[in-house]
Amino acid sequence: QNILIRSDTQAKSAVELSGLRVLDVNWQQLEDSRLTDGHCVFSGEVPSEGYPDNFQQIFFNGSMMVEARWPNLDVEHVAQSALSRDTWAPTEMGSIYGTIKNADLRQHPFSWNGALATLQVAHQFYTWTRPVANHTKGSDSFEYTRDLPGLAGWDANPKKEKSKGWEHNQFFLSGKLEALDAPGEWYLETTPSNTKILHFWSPTCAKPPQGSVEVKVRDYVLDVGADSSGIDIRGPLTIRGGSVRMAGCDSCAVSNIDILYPTYNREIPEMFSQNRGGKPQFVNKTGLIGTHLRVSNVTFSYSNNNGIELVGDHNIIENCLVRYTDWLGTLTYVPLSVKGNNVTLTRCTVHDFGNAGITAQIPNTPPSAPGEPDPVPKPMNGRRLEVSYTHIYRGGLVGKDTAALYTGGWKSAGLHWHHNWVHDATEKCVRADDQSRNMT
């Protein structure tokens, strides 16, 4: 049965679906000795129902605000600022695996213990998050647990050749009230009685008007379950603070949608968690899974993690724009990812992203068990994934060892890339990584 979800093209105002909810609290000016300057900070108790326990995004008058962090971001240009290495702190001489050194840490009149360290270290094509440990006020160093997966041979032994690479990396810190020191920053505190208090430095330095603050409360505003078919989601439609997910749809379509601030993850899910005996960690993404899917005329903007992921055979994605994604510069997140056989990605634009831009692969027969090696690829006959007439630029803005158009390994067999315009990438524009073969 075919189902059409369509906005009213004759409506007098634009149709918008939102994953946000207005936060109406009794704002009071904060007086707290932990802050050196709190005259513009207002606090309010978050209701116990209707909001996530630890929400990760808030908006003020429609604009995204920033969780308190160091170094600070430009709250008037959050995405552009996040996608700059100037808003990361450098690791300095003496940094090794498990220890970060930076002289500017001495300037903070508090301990960063318990904060969240976002670590762009080692080879810098992955980024990790870890709690800060063993930092004292006035110290120029802190520690984190030495358990980062995916290090690709970067040995922690300081006598090893690659140990010096730890001294030219980058990081930022977040998750402390004491870091709340600039307009547009916020911090969510949990009291000993488990009450949630939101502290917010109002950009206007005045009590936030009722209705001006919104909180992200849901990841998906359109969620299509598995074993669905014939669903056509058709705009014009704006989605703000949420996104679309299809868990297994046949002959479905998504078109003419503008998606803003769709997905956000404060912490980075661990790569290879299943292979290491752990449970897969959830990361919200605009994942469209199915067969005979068509995605067209979608604009996707301002996601700190993933962009659009299209998975399955006989799918098409065309005339889409993906911009300002993967603020953390990790290959864990991809602005536009296509996986499947007999797939076409054409006439799409991807720009301003932290690591890779478009990734493409044709999956082979999966391993017999988690952790086992991939079997020999399927025969070439019938394998085809086309990437054509795309425009990819301003990539690799945070991470390193990056490529704007990327694939690698046996899953590259059958790829056909042609007539793509790739420029202004910080490193490689186009790359078929190790063990790529049988592609054009």
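Preceding this paragraph is the structure being described.
Cut-offs and rules
Residues numbered from 1 in each chain as written. Predicted model: local features only at pLDDT ≥ 70, side-chain atom pairs only at ≥ 80, totals over all residues. Heavy atoms only, no water. Core = buried A, V, L, I, M, F, W, Y, C linked by side-chain atoms within 4.5 Å. Buried < 20%, exposed > 50% of the residue type's maximum accessible area, 1.4 Å probe, protein only. Helix = DSSP H or I, 4+ residues; strand = E, 2+ residues; numbered from the N terminus. Contact = heavy atoms within 4.5 Å. Pairing = 2+ DSSP bridges. Phe/Tyr/Trp six-rings, centres within 6.5 Å; stacked < 30°, edge-to-face > 60°. Lys NZ or Arg CZ within 6 Å of the ring centre and 35° of its normal. Polar contact = N/O pair within 3.5 Å; in protein donor to acceptor, adjacent residues only side chain to side chain.

### A look at the nonpolar core
Ile233, Met246 and Ile317 are the most contacted members of the largest nonpolar core, which totals 42 residues. Broken down by element, the residue count for this core peaks at 4 residues, all from strand E21 (residues 231-240). Excluding residues that lie within four positions of it along the chain, Met246 makes contacts with Val224, Ile233, Cys252, Ala253, Val254, Gly287, Leu288, Ile289 and Leu293.

### Structural notes on the sheet that holds strand E17 (residues 196-201)
Taken in spatial order, the 5 strands make up an open sheet running E4-E5-E17-E16-E8, and their pairing is mixed. A strand with exactly one partner marks an edge of an open sheet, and here the two such strands are strand E4 (28-29) and strand E8 (66-67). By the bridge criterion, 5 bridges tie strand E5 (residues 41-45) to E17 in an arrangement that is antiparallel. Within E17, the residue paired with Ser43 across the bridge is His199.

### Comments concerning the sheet that holds strand E3 (residues 20-22)
Pairing in this open sheet of 4 strands is antiparallel, and the strands run E3-E18-E6-E7 from one edge to the other. If you trace the sheet from one side to the other, it starts and ends with E3 and strand E7 (63-64), each paired once.

### A word on the pairing of strand E33 (residues 385-388)
Side chains on a regular strand alternate between the two faces of the sheet. Side chains Leu385 and Val387 project from E33 onto one buried face, and the interleaved Glu386 and Ser388 project onto a second face that is buried too. Alignment of strand E30 (residues 343-346) against E33, held across 4 bridges, turns out to be parallel. From the neighbouring strand, Val343 faces E33, where its bridge partner is Leu385. Two elements, E33 and strand E36 (residues 415-418), share 4 bridges in a ladder whose sense is parallel. Across the sheet, residue Ser388 finds its bridge partner in E36, namely His418.

### Examining the pairing of E30
Residues Val343 and Leu345 point to one face of E30 and Thr344 and Thr346 to the other, with burial holding for every one of them. Sheet topology note: the strand E27 (residues 316-318)/E30 ladder contains 3 bridges and is parallel. Paired with Ile317 across the strands is Leu345, a residue of E30.

### Brief notes about the packing of aromatic side chains
Inspection of the entire model under this criterion finds 15 aromatic pairs. Each ring, one from Phe110 and one from Trp112, has its centre 4.9 Å from the other, and the planes form 55 degrees; the classification is tilted. Accessibility assignment for this pair places Phe110 and Trp112 in one class, buried. Consider the rings of Tyr302 and Tyr324, whose centres lie 5.5 Å apart with planes at 20 degrees: the pair is stacked. One end of the pair, Tyr302, is in strand E25 (residues 294-303); the other, Tyr324, is in strand E28 (residues 321-325), and 22 residues separate them in sequence. A residue is classified by how much of its surface remains accessible, and Tyr302, at 19% relative accessible area, is buried. Exposure remark for Tyr324: the relative accessible area of 12% places this residue in the buried category. Cluster of aromatic residues (ring-pair linked, three or more members): Phe59, Tyr261, Tyr302 and Tyr324. Taking the ring centre of Phe172 as reference, the NZ or CZ of Arg69 above it sits at 3.9 Å.

### A look at the side chain of His123
As for its position among the elements, His123 is in the loop between strand E12 (116-120) and strand E13 (128-131). Within polar-contact distance, the side chain of His123 engages the backbone oxygen of Gly150 at 2.8 Å. Residues in contact with His123, not counting those within four places in the same chain, are Trp128, Gly150, Leu151, Ala152, Trp154 and Lys400.

### Some details on the side chain of Thr127
Along the polypeptide, Thr127 turns up in the loop between E12 and E13. If we skip the residues at most four places from it in the chain, Thr127 touches Trp88, Thr118, Leu119, Gln120, Ile268, Leu328, Gly329 and Thr330.

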